[in-house]
Every structure is written in C-alpha cells, then in structure tokens.
Amino acid sequence: AIREEIPEETARDIASFIDTHLLMLEDSMLTTTPVQLIRETRCNAEWALRQQRDAVARVFDTMDDAYLRTRIDDIDHVVNRILRILLAGDDPGTEPVTPSLKGQVIVADDLTPADTVLMKNHGVAAFVTEYGGPMSHTTILARSLQIPAVVGTHHARRTLRQGEALIVDGEQGVIVADPDRATLRHYRQRRSGERRRRSELAKISDTPAVTRDGRAICLQANIELPEDLRAVRKMGADGIGLYRTEFLYMNRDEPPSEEEQFVDYRRILRTMQGLPVFIRTLDLGADKQVDGGVASGAVNPALGLRAIRLCLKEPELFRPQLRALLRASAHGPLRIMFPMLSNAQELFQVLGLVEEVKQELADEGLAYDPLVPLGAIVEVPAVAVVAPTFARNLDFLSIGTNDLIQYTLAIDRVDDEVNYLYDPLHPAVLRLIHMTLKAGHKAGIPVAMCGEMAGDPRLTRLLLGLGLTQFSMQPASLLEVKRIVLDTDVGALHRRALAVLRADTHEQMAERVDKLNLDTE
C-alpha cells in the first residue's frame, strides 16, 4: 500500500528503498526461519519473528563497517511493520499522513523510508527519532529530500511534550524545546543564511575547480549506493573517486554473480558519461560474510581477515568480481583499487591474479580494457612508509584516511569509549599522508584522497599545500571544498603547509592550520 501511494513524480531511486523492503518480505530469512521456530518451539508467530530479528541483529552488531552495521535498520522496518499487523490486526503505518501535519515536527522511535517519503509529500517540517544512525537509509533519504532531522537521540519521546515548539538543528545535531524569542530569532537568521549560502554555492557547480594561480584540482565523489549518483551529477563532480561494492554482497544467502556485478558496474559507468569511476574491490571482513554468518571469534575484526586478505584467501569470492570489473572496463574509464594491502607480497599476488583473469577473458573472447588502471588504497601505516614500492608498481594511489587514522593511532573509531582520540591532525597521520604524496609525485603517478579528511573544508588548504590535487568526498561536501579551492593560491601554501608538519602537538597543528585558513598570502 505504501509503494502504491508514492506519487509518480517521486525520484525512482527513492522509491527503490521500498522495493528493497518488498524483496525482504520474500527472503527465507523472514518466510522460512520463523515458521521453523514455530514448529520447533511451539511459540506464537510474533515471538518467532522477534527471535529471528534478534538473531540477525546480533550478526549486524558485530560488523566493523559502520555503514553495513546500520543496515539492520531495514530489517527492523520490515519486521516492525509485520508485527504491528499481527498484534493490532491492521497496520496504521499504511494510513496517509493527514494534511494537518504540514509544518509539524514528528518525534518517533524510528521511521521507515516509506514514512519519510510520505512526510515529505505532506509537508512535515522535520523529524526526530530515538534510534538510528547517520548512515541509515532513513537518514540518507532525509538528506536527499532535504528534511531536517536528528536521529539516535535516546529519550526524546520521554523528554519532549506533545504540542510544544521545537527547533531541529540537523547540522549540529541539536534539538531546542520551547525556545524563547531570542533563540527563535537566532535560528531563523541561521536558516536564512544557510539558504543564501547554498544558493551561492550552487552557482559554482559547473565551474572548473581551478585555484587562483591556475592549478586544476580534481573533485570527485564517494558513493555507497547507486541512488547516490543523482547527487554526484547535481554537484558537478569530476567523477566517482570511491564506489564501495560491499552492499552488493549483504543481506543475501549467496554472493552476487559475475553477471549481476557486471551489469551494476556498467550502469554506473554509463551514468557518469565518460567521467572516471574508481571502484574499490570487496571489503568484507572476518565478521561480515556473504551468508550472514560469523566466520570466527576474532577479537578485533578490524585487524583480522578482511578486505584484500579475505579475497586472496578465498579467490572463488574474488575472481567473479575481478572478471565483472574487467568486463565493465570496456564500457568506460574504470579504475580498480584494492583495499587493506599491507605488504608487497600481497600486491604482487593481486597483480598476478588480475593478469590471470585478463587471460581468461581473452581466451573466452570477452571484451575488456587491457590497460585498465590499477591502484591501492593506502590505509595501513606500513604501506605509507613503503609507498615508493607501491607507487612503482601501480597506476595510482588513494589515501583512505578513515582507516589510516584508526590504525596509526591504535583506536577503534566506532567505539564511543575511545573515538575522542580519532585525530586527523595528529602529527604522525599528516606525515604519513605527506610521505605518500611525495612517493606518488616521484613515481609520476596520481595520488588521491578518498577518506573523510578530503571533504573537511578546514583541511582543504593544508592538503593542497602538501601537494594533494585529487579529492574524493561525500557529494554534500563538494561545493564547499570547491569554493575554497577557487579562492586559494597553492603556490603560497607549500612552505606554510610543511611548517604545519613540523608541529609537535595537536594544539600546535590546529593553530597553524587555522592561520593557514585565515590568510593564504
């Protein structure tokens, strides 16, 4: 019923979220296992479904990747809708939102993508949820539909009262209840200023990213789902600098076939119409298996059998992806990059396997680009230290700052107890980045950055001064970074950027970076 209520003019990629939930209703995870539980334990349908949901949640909770871990939200949306029907006899969630909700703020435990679409269509001003994360599908939709939202608040329903005025600050993650006149005036001014800022930024979407002293800078986008492509084109990105392929493997009993992957990669290349697309090979780990199982009791999955390590150990998982990627390379400027490499032996194993697959395709008469560029994501500190070796044997490097920072500082960036130590301005992190950039320059190959640092406007001038010319970031960050690029003289930055590297503490680093941003002369 929800699917049929979506207006025809709604973007196709938004409707696909509901299509995904419809497919889940046909999965054996929901259609077979709960029935087996009923037969084996004589429990009722509601309890069997809840037991199965909890079993799946335990698997998702152990996943290292924050994006994949939040995919349990989709399971919850489907299970909770079924439970409401079983417990109440009908599903109030399918009823249309009434026009009286126009301009109102919704406060709820959680919202499904279907709910979010309906709220947009009926003019809901914003929403607040008890649960959820920054990478949930509901949050992705909220950003796409430009609905202000704060998710994962905990106890919001207990604290907030029906009918009171709320300010929902999605930018800062702040909710203000019953604001006074001064607070209202402040936020109204902020809202007006933000609208003007976005309008001004939109004017440079088609402007080439060239610095004041004439240096062309490549600004690309990271995407996790095909539906992100719309935002990539809207922001005028120079291509896709990181396409994560893990979502193709999740929530299914078997890995995707070579043909399924080939069709997906080819579609992305065609959509980008000749712009380069950097695709990262599979980055599943010891805690993330294609069948939803847990392979081993790894104490720290981030340091275990993941990414290229897993792919080299299980070539039957890796070969179909390599074949699909190489076949897709005949349809556009594809670049293949390998995550989590840690030594030269792994590098040469990967390159040897690629040559084997190329020969297979040639023997079968299948088209591919024999010169498709191959690169590595520098995210293990050891690789940054020996970057010259990798640079001599590859066509490009891309710095994955999220994991590079995590491994350099020995902290788990998703652990609330220690993530305050996650510091992009740590002297060791910046020096590893600089070493990698120098190695690429000396070898004559491009070096990109695809981690969160690339989209942080505060760090743009520092990275430009260190020699970075290719940035890849979330689409929403691209225009702000471009604005800084257009207003920067890179020639005047180099000496001062090196001075930042010589700082001994975070405080010294931060002070020098702030000064770099205030004055580039």
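All figures in this text were calculated on a predicted structure; none of them were measured in a lab.

J.: Help me out: how do you make sense of the overall build of the protein chain in this one?
T.: Across its full length, the protein chain holds 24 helices and 13 strands. When each of the 521 residues of the protein chain is scored for burial, the buried share is 50%. Nonlocal contacts in the protein chain, meaning residues at least 24 apart in sequence, comprise 62% of its contacts between residues at least 6 apart.

J.: What am I meant to see in helix 15 (residues 315-328) here?
T.: Given 3.6 residues to a turn, an α-helix orients residues that are three or four positions apart in the same direction. Look at helix 15: 19 Å from first C-alpha to last across 14 residues, which is about the 20 Å you get at 1.5 Å a residue. For helix 15, the tally of buried residues reaches 10 of 14 residues, placing the bulk of the element in the interior. Structurally, helix 15 contributes buried residues whose contacts are with helix 13 (258-271), strand 8 (277-280), helix 14 (307-313), strand 9 (334-338) and helix 16 (344-364).

J.: Just checking my understanding: could you explain unusual backbone geometry for this structure?
T.: Positive phi is not limited to glycine here, since D178 has a value of about 50°. With respect to the helices and strands, the residue D178 is situated in the loop between strand 5 (174-177) and helix 11 (181-202). Of note in this structure, A410 is not a glycine but carries a positive phi near 55°. Following the sequence through the fold, A410 ends up in the loop between helix 19 (401-409) and helix 20 (427-443).

J.: How do you make sense of the side chain of Q261 when you look at a structure like this?
T.: By secondary structure assignment, the location of Q261 is in helix 13. With residues near it in sequence (within four places) discarded, Q261 still touches L248, Y249, P256, P320, Q321 and A324.

J.: Please explain the confidence of the model for the protein chain as it appears in this structure.
T.: Do not read the fine detail of predicted coordinates wherever pLDDT is low. Summary statistics for the protein chain give a mean pLDDT of 85 and a share of 86% for residues scoring 70 or more. Model confidence for the protein chain, summarised as mean pLDDT per element, is weakest for helix 6 (residues 66-69) at 67 and strongest for strand 11 (residues 396-399) at 98. This model gives residues 90-98 a pLDDT under 50, and the stretch forms 18 contacts once residues within four places in sequence are excluded.

J.: Just to check I follow, could you spell out the sheet that holds strand 8 for this structure?
T.: By way of backbone hydrogen bonds, the strands of a sheet pair with one another, either parallel or antiparallel. Ordered in space as 6-7-8-9-10-11-12-13, the eight strands form a closed barrel in which the pairing is parallel. Shown here is a sheet whose adjacent strand axes are inclined to one another by a mean of 25°, direction ignored. Sheet strands touched by helix 15: strand 8 and strand 9. Its angle to strand 9, the strand with the most contacts, is close to 155°.

J.: Explain the packing of aromatic side chains here, please?
T.: Counted according to the given criterion, the structure contains two aromatic pairs. Aromatic side chains F278 and F396 sit 5.0 Å apart centroid to centroid with 85° between the ring planes, which places their arrangement in the edge-to-face category. Here F396 lies in strand 11 and F278 lies in strand 8, a separation of 118 residues in the sequence. Each member of the pair, F278 as well as F396, carries the same accessibility label: buried. Seen in terms of ring centroids, F318 and F338 are 6.4 Å apart; in terms of plane orientation they differ by 80°. Their pairing is edge-to-face. Taken together, the positions of F318 in helix 15 and F338 in strand 9 put the pair 20 residues apart, joining distant regions of the chain. Directly above the aromatic system of F262 lies the positively charged group of R327, at a separation of 4.1 Å from the ring centroid.

J.: Sorry if this is basic, but what is going on with the side chain of Q406 here?
T.: Note that Q406 resides in helix 19. The exposure class assigned to Q406 is buried, which follows from its relative accessible area of 4%. Only 2.9 Å separates the side chain of Q406 from the side chain of D403, close enough to count as a polar contact.

J.: Teacher, can you tell me more about the sheet that holds strand 3 (residues 149-150) here?
T.: Strand order in the open sheet formed by three strands is 1-2-3, and the pairing between neighbours is parallel. At either margin of the open sheet sits one strand with a lone partner, and together these are strand 1 (105-108) and strand 3. As judged from the four bridges shared by strand 1 and strand 2 (residues 126-129), these two strands associate in the parallel manner. Residue V107 lies in a different strand from strand 2, and its bridge partner there is V128.

J.: Could you clarify how one ought to interpret the nonpolar core in this entry?
T.: In a soluble, globular protein the nonpolar side chains are often hidden away together inside. Residues I240, F338, L397, L430, I433, L462 and F471 are the most contacted members of the largest nonpolar core, which totals 97 residues. Membership of the second largest hydrophobic core comes to 14 residues, among which are L49, V56, V59 and I72.

J.: What's the story with helix 20 in this structure? I'm lost.
T.: Between its first and last C-alpha atoms helix 20 spans 25 Å; for 17 residues at 1.5 Å apiece the expected length is 24 Å, and the two agree. Within helix 20, the full set of buried residues consists of P427, V429, L430, L432, I433, H434, T436, L437, A439 and G440. In the segment just after helix 20, G444 is the residue with positive phi, at about 75°.

J.: I would appreciate a short explanation of the packing of helix 4 (residues 33-41) against helix 5 (residues 45-61) in the present structure.
T.: The description of two helices packed together rests on the angle between their axes and the distance between the axes. Put simply, helix 4 and helix 5 touch, their axes get as near as 8 Å, and they point 125° apart. As the angle between them shows, helix 4 and helix 5 are arranged oblique. Helix-helix and strand crossings are classified by hand; for helix 4 and helix 5 the assignment is right-handed. For the pair formed by helix 4 and helix 5, the contact residues are T33, P34, L37 and I38 on the first element and A45, A48, L49, Q51 and Q52 on the second. Residues that form the contact of helix 4 with helix 5 fall into these classes: six nonpolar, three polar and no charged.

J.: Where do I start with the pattern of salt bridges in this structure?
T.: Pairs may arise between side chains of opposite charge once their charged atoms sit close together. A complete count under the given rule lists 26 salt bridges for this structure. One salt bridge connects R327 with E258, and the closest N-O pair in it is separated by 2.8 Å. Within this pair, whereas R327 is found in helix 15, its partner E258 is found in helix 13, the two being separated by 69 residues in sequence. Across the pair R458 and D514 runs a salt bridge whose closest N-O atoms are separated by 3.2 Å. With R458 in the loop between strand 12 (447-449) and helix 21 (460-466) and D514 in helix 24 (residues 506-518), the pair connects residues that are 56 residues apart, well separated along the chain. Of the residues examined, R458 reaches a relative accessible area of 34% and is grouped as partly exposed. Residues joined in a network through salt bridges with shared partners are E258, E259, R319, R323, R327, E356, E360 and E364.

Parameters and conventions
- Residues numbered from 1 in each chain as written.
- Predicted model: local features only at pLDDT ≥ 70, side-chain atom pairs only at ≥ 80, totals over all residues.
- Heavy atoms only, no water.
- Helix = DSSP H or I, 4+ residues; strand = E, 2+ residues; numbered from the N terminus.
- Buried < 20%, exposed > 50% of the residue type's maximum accessible area, 1.4 Å probe, protein only.
- Contact = heavy atoms within 4.5 Å.
- Expected span 1.5 Å × (residues − 1).
- pLDDT = per-residue confidence, 0-100.
- Pairing = 2+ DSSP bridges.
- Axes fitted to C-alpha atoms, helices over the stretch in contact; angles between N-to-C directions.
- Phe/Tyr/Trp six-rings, centres within 6.5 Å; stacked < 30°, edge-to-face > 60°.
- Lys NZ or Arg CZ within 6 Å of the ring centre and 35° of its normal.
- Polar contact = N/O pair within 3.5 Å; in protein donor to acceptor, adjacent residues only side chain to side chain.
- Core = buried A, V, L, I, M, F, W, Y, C linked by side-chain atoms within 4.5 Å.
- Parallel < 35°, antiparallel > 145°, perpendicular 65-115°, else oblique.
- Left-handed = near helix turned anticlockwise from the far one by under 90°.
- Nonpolar A, V, L, I, M, F, W, Y, C, P; charged D, E, K, R; others polar.
- Salt bridge = Lys/Arg side-chain N within 4 Å of Asp/Glu carboxyl O.

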